[in-house]
Amino acid sequence: MTADDILAAARQCLGTKFRHQGRLVAFGLDCAGVAIHVAREIGAGVIDVSGYGRTPANGQLEQSLDSQPCLERVFLEDRQPGDLLLMRFASEPQHLAICAGETIIHAYEAAGLCCEHRLSSLWAARIVRVYRFRGIA
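Criteria and thresholds
- Residues numbered from 1 in each chain as written.
- Predicted model: local features only at pLDDT ≥ 70, side-chain atom pairs only at ≥ 80, totals over all residues.
- Heavy atoms only, no water.
- Phe/Tyr/Trp six-rings, centres within 6.5 Å; stacked < 30°, edge-to-face > 60°.
- Helix = DSSP H or I, 4+ residues; strand = E, 2+ residues; numbered from the N terminus.
- Buried < 20%, exposed > 50% of the residue type's maximum accessible area, 1.4 Å probe, protein only.
- Pairing = 2+ DSSP bridges.
- Core = buried A, V, L, I, M, F, W, Y, C linked by side-chain atoms within 4.5 Å.
- Contact = heavy atoms within 4.5 Å.

## Some points on the packing of aromatic side chains
Taken as a whole and judged by the stated rule, the model has three aromatic pairs. With a centroid separation of 6.2 Å and 15° between ring planes, the pair formed by Phe-89 and Tyr-108 is classed as stacked. Of this pair, Phe-89 sits in the loop between β4 (84–88) and β5 (93–99) while Tyr-108 sits in strand β6 (residues 103–108), placing them 19 residues apart in sequence. Its relative accessible area of 33% is what places Phe-89 among the partly exposed residues. Look at Tyr-108 and Trp-123: their rings are 5.2 Å apart centre to centre, the planes differ by 80°, and that puts the pair in the edge-to-face class. Highlighted residues: Tyr-108 in strand β6 and Trp-123 in helix α4 (residues 121–125), separated in sequence by 15 residues. Judged by relative accessible area, Tyr-108 falls into the partly exposed class, the value being 22%.

Structural data, given as structure tokens:
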């Protein structure tokens with residue numbers, strides 16, 4: 001598995017409507033749904049967590065990522081294409097995106113769909129953790 005495989009899987013989601021707790025490209029995805037889709041497409045063992053609110057609290061999202069057997073934390077400065085980014089809008093980390101180099105791929109409720117756009121300084125400042133899928137060549 002390579003970063004290109006991850007990005008190809010993430011780009012399958014582009015244009016999919018935003019749907020809270022969505023897990024199927026045909027019916028809608030949220031940011032976690034994009035990550036789950038990618039993990040399944042690349043054959044990574046992933047534990048899907050359901051029943052979460054629109055704004056995860058008490059470190060719920062970070063704890064879920066830390067417990068994933070298919071992910072490992074890497075340093076922020078070692079971020080590379082194919083990595084999963086944990087982001088914060090307010091006080092709690094509550095959003096996920098796939099790093100695609102100078103862009104990110106994510107299901108973004110404000111846009112109403114899964115999109116790819118530039119990783120601006122504003123978006124980069126939101127990154128609090130970086131995770132890499134295990135076994136990336």
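## So, the pairing of strand β7 (residues 113–118)
Both β6 and β7 contribute to a ladder of six bridges, which runs antiparallel. Considered in β7, the bridge of Ala-107 is made with Cys-114. In textbook terms, the turn of a hairpin is the stretch between consecutive antiparallel strands, and for β6 and β7 this stretch comprises four residues, one of which, Gly-112, has a positive phi near 80°.

## Description of the nonpolar core
In this structure, Val-34, Val-38, Leu-84, Leu-96, Ile-98 and Phe-133 are the most contacted members of the largest nonpolar core, which totals 31 residues. Residue assignment for this core shows that the elements contributing at least two residues are α1 (3–11), α2 (31–41), α3 (60–66), β4, β5, β6 and β8 (127–133). By residue number, the principal contributor to this core is α2, which donates six residues. Once residues within four sequence positions are removed from consideration, Leu-84 is found in contact with Ala-35, Leu-65, Leu-71, Leu-96, Ala-97, Ile-98, Arg-129, Val-130 and Tyr-131. In this structure, Val-74, Ala-97, Cys-99 and Ile-104 belong to the second largest nonpolar core, which totals ten residues.

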